[in-house]
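# Structural overview for review
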Amino acid sequence: SNIMKVIINNEEESLTTGSSLHYLLKKKDIVEQKGIAIAINGEVISKGEWKSTILLLNDKITVIKATQGG
């Protein structure tokens, strides 16, 4: 089938096989947020690589919000 599941912040998400990280973040309204970092399976992916990073079945995506000091 051409639908696969990934995990984003401990929630299952169904995506078309071959979807990019950027597509997922756009779908979840995360892509425009400031001060976030994204990790896949524990490895941080720089923002410049979001569009070229293709997600795989059961990838674990973690959205890390940078805490503002103060």
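Bear in mind that the values here come from a model prediction, so they are computed numbers and not experimental data.

What counts, and where the lines are drawn
Residues numbered from 1 in each chain as written. Predicted model: local features only at pLDDT ≥ 70, side-chain atom pairs only at ≥ 80, totals over all residues. Heavy atoms only, no water. Pairing = 2+ DSSP bridges. Helix = DSSP H or I, 4+ residues; strand = E, 2+ residues; numbered from the N terminus. Polar contact = N/O pair within 3.5 Å; in protein donor to acceptor, adjacent residues only side chain to side chain. Buried < 20%, exposed > 50% of the residue type's maximum accessible area, 1.4 Å probe, protein only. Contact = heavy atoms within 4.5 Å. Salt bridge = Lys/Arg side-chain N within 4 Å of Asp/Glu carboxyl O.

### What to know about the pairing of strand E5 (residues 60-65)
Sheet topology note: the strand E1 (residues 3-8)/E5 ladder contains two bridges and is parallel. Bridging across to E5, isoleucine 8 finds its partner in isoleucine 61. Pairing of strand E3 (residues 36-40) with E5 involves five bridges; the strand directions are antiparallel. Residue pairing in the sheet places isoleucine 38 in a bridge with valine 63 of E5.

### Re the side chain of serine 20
Looking at where serine 20 falls in the secondary structure, it is placed in the loop between strand E2 (11-16) and helix H1 (21-27). Among the polar contacts made by the side chain of serine 20, one reaches the main-chain amide nitrogen of tyrosine 23 at a distance of 3.0 Å.

### Focus on the pairing of E1
For a regular strand, side-chain orientation follows a simple rule: the groups alternate between the two sheet faces. The side-chain alternation of E1 yields one buried face, formed by Met4, Val6 and Ile8, and one unburied face, formed by Ile3, Lys5 and Ile7. Examined bridge by bridge, E1 and E2 share six bridges and lie antiparallel to one another. Paired with valine 6 across the strands is glutamate 13, a residue of E2.

### Here we look at the side chain of threonine 53
Mapped onto the elements, threonine 53 comes out in the loop between strand E4 (43-45) and E5. Judged by its relative accessible area of 16%, threonine 53 is buried. When neighbours within four sequence positions are excluded, threonine 53 is seen to be in contact with Ser19, Ser20, Leu21, Ile40 and Ile45.

### Observations concerning the pattern of salt bridges
All told, the structure shown has two salt bridges when counted by the stated rule. When the shortest N-O distance is used, the salt bridge between glutamate 13 and lysine 27 registers 2.9 Å. Highlighted residues: glutamate 13 in strand E2 and lysine 27 in helix H1, separated in sequence by 14 residues. Relative accessible area serves as the criterion here: at 12%, glutamate 13 is assigned to the buried category. In this structure, glutamate 13 engages lysine 28 in a salt bridge whose closest nitrogen and oxygen atoms are separated by 3.0 Å. Of this pair, glutamate 13 sits in strand E2 while lysine 28 sits in the loop between H1 and E3; the two residues are 15 residues apart in sequence, bridging distant segments of the chain. Classification of lysine 28 as partly exposed rests on a relative accessible area of 29%. Each of Glu13, Lys27 and Lys28 takes part in one network of salt bridges that share partners.

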